[in-house]
Structures are given as structure tokens and as C-alpha cells.
Amino acid sequence: LLLQAEYAFVFVKSDDAAVLYDKAIDKAAENGITQDLAIAYERAGLFNFAQGNASKASQLYGQAHDVYLQWGARGKADYLRLRSPF
């Protein structure tokens with residue numbers, strides 16, 4: 001699902017991408033796949049930022065940060081915090 005969302009994002013199918021990012025987040029959370037959840041939140045945040053929705057993007061980026069910390073990826077969480085476009 002995440003790869004499908006990325007494909008839709010790259011090929012400017014915004015409505016499809018939005019739905020697919022949401023599904024990727026839901027499925028990763030449902031299955032307890034922390035690393036996929038963190039990446040899906042981050043990529044969905046970047047997608048929303050590119051779409052001009054900075055509020056939602058910031059929220060998703062914050063969730064990505066938290067899940068990266070849960071995963072134990074402190075370096076990546078710090079990178080998001082320091083390099084956030086918000």
C-alpha cells in the first residue's frame with residue numbers, strides 16, 4: 001500500500017495517494033509493524049505538505065517522530081525534528 005501511495009504521489013494522482021497513505025497507515029498500525037508505520041506517517045506528511053496542507057503534514061510528521069522513537073530509531077527521530085519543513 002505504501003508503494004502504491006508513493007506511485008500515486010509521483011504520478012500526481014493526489015486523491016488516490018491520499019487514500020492509499022491512509023490505508024498504509026491503518027494497515028501498519030493494525031498489524032503492529034512499527035517501522036512501516038513510522039515510514040508511512042513520514043511519507044504521508046511529506047505528501048500533505050506538497051499538497052499545501054501544512055497543518056495535517058505537521059501532525060503526521062509528529063506521529064512519525066513518535067513512532068520512530070518507539071521503534072528505537074532515535075537518530076531518525078532527531079533528524080525529523082531538526083530537519084522538519086514546518
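The notes below deal with the structure included here. (Residues numbered from 1 in each chain as written. Predicted model: local features only at pLDDT ≥ 70, side-chain atom pairs only at ≥ 80, totals over all residues. Heavy atoms only, no water.)

Observations concerning unusual backbone geometry
In step 1: Despite not being glycine, Val12 shows a phi value in the positive range, around 55°.
In step 2: On the secondary structure map, Val12 appears in the loop between helix H1 (2-10) and helix H2 (14-31).
In step 3: We classify Val12 as exposed; its relative accessible area is 66%. (Helix = DSSP H or I, 4+ residues; strand = E, 2+ residues; numbered from the N terminus. Buried < 20%, exposed > 50% of the residue type's maximum accessible area, 1.4 Å probe, protein only.)

Regarding a nonpolar patch on the surface
In step 1: A surface patch of nonpolar side chains, about 340 Å² in accessible area, is lined by Tyr7, Val10 and Phe11.
In step 2: Summarising the element assignment, Val10 is placed in helix H1. (Patch = residues over 30% accessible without salt bridge, like charges linked within 9 Å, V, L, I, M, F, W, Y side chains within 5 Å. Areas by Shrake-Rupley, 256 points an atom, 1.4 Å probe, with all protein chains shown as cover. Salt bridge = Lys/Arg side-chain N within 4 Å of Asp/Glu carboxyl O.)

Side note on helix H3 (residues 34-50)
In step 1: Taking 1.5 Å of rise per residue, 17 residues should cover 24 Å, and H3 covers 24 Å from first to last C-alpha, within 8% of that figure.
In step 2: Burial in H3 covers these residues: Leu37, Ala38, Ala40, Tyr41, Glu42, Ala44, Gly45, Phe47 and Asn48.
In step 3: In this structure, the buried residues of H3 make contact with H1, H2, helix H4 (54-71) and helix H5 (74-83).
In step 4: Looking one or two places after H3, you find Gly52, whose phi comes out positive at around 90°. (Expected span 1.5 Å × (residues − 1). Contact = heavy atoms within 4.5 Å.)

Description of the packing of aromatic side chains
In step 1: Counted by the stated rule, this structure contains 4 aromatic pairs.
In step 2: Note on Phe9 and Phe47: the rings are 5.2 Å apart at their centroids and 85° apart in plane angle, and the pair reads as edge-to-face. With a gap of 38 residues between them, Phe9 in helix H1 and Phe47 in helix H3 connect regions that are remote in the sequence.
In step 3: Taking relative accessible area as the criterion, Phe9 reaches 22% and is therefore assigned partly exposed.
In step 4: A relative accessible area of 4% places Phe47 in the buried class.
In step 5: Taking 5.9 Å as the distance between ring centres and 20° as the angle between the ring planes, the aromatic pair formed by Tyr68 and Trp71 counts as stacked. Residue Tyr68 and its partner Trp71 are both found in helix H4; the two are separated by 3 residues, about one turn of the helix.
In step 6: By relative accessible area, which is 4% here, Tyr68 ends up buried.
In step 7: Here the aromatic residues Phe9, Tyr21 and Phe47 are joined through ring pairs into a cluster of three or more. (Phe/Tyr/Trp six-rings, centres within 6.5 Å; stacked < 30°, edge-to-face > 60°.)

Interpretation in functional terms is not warranted from these geometric data alone.
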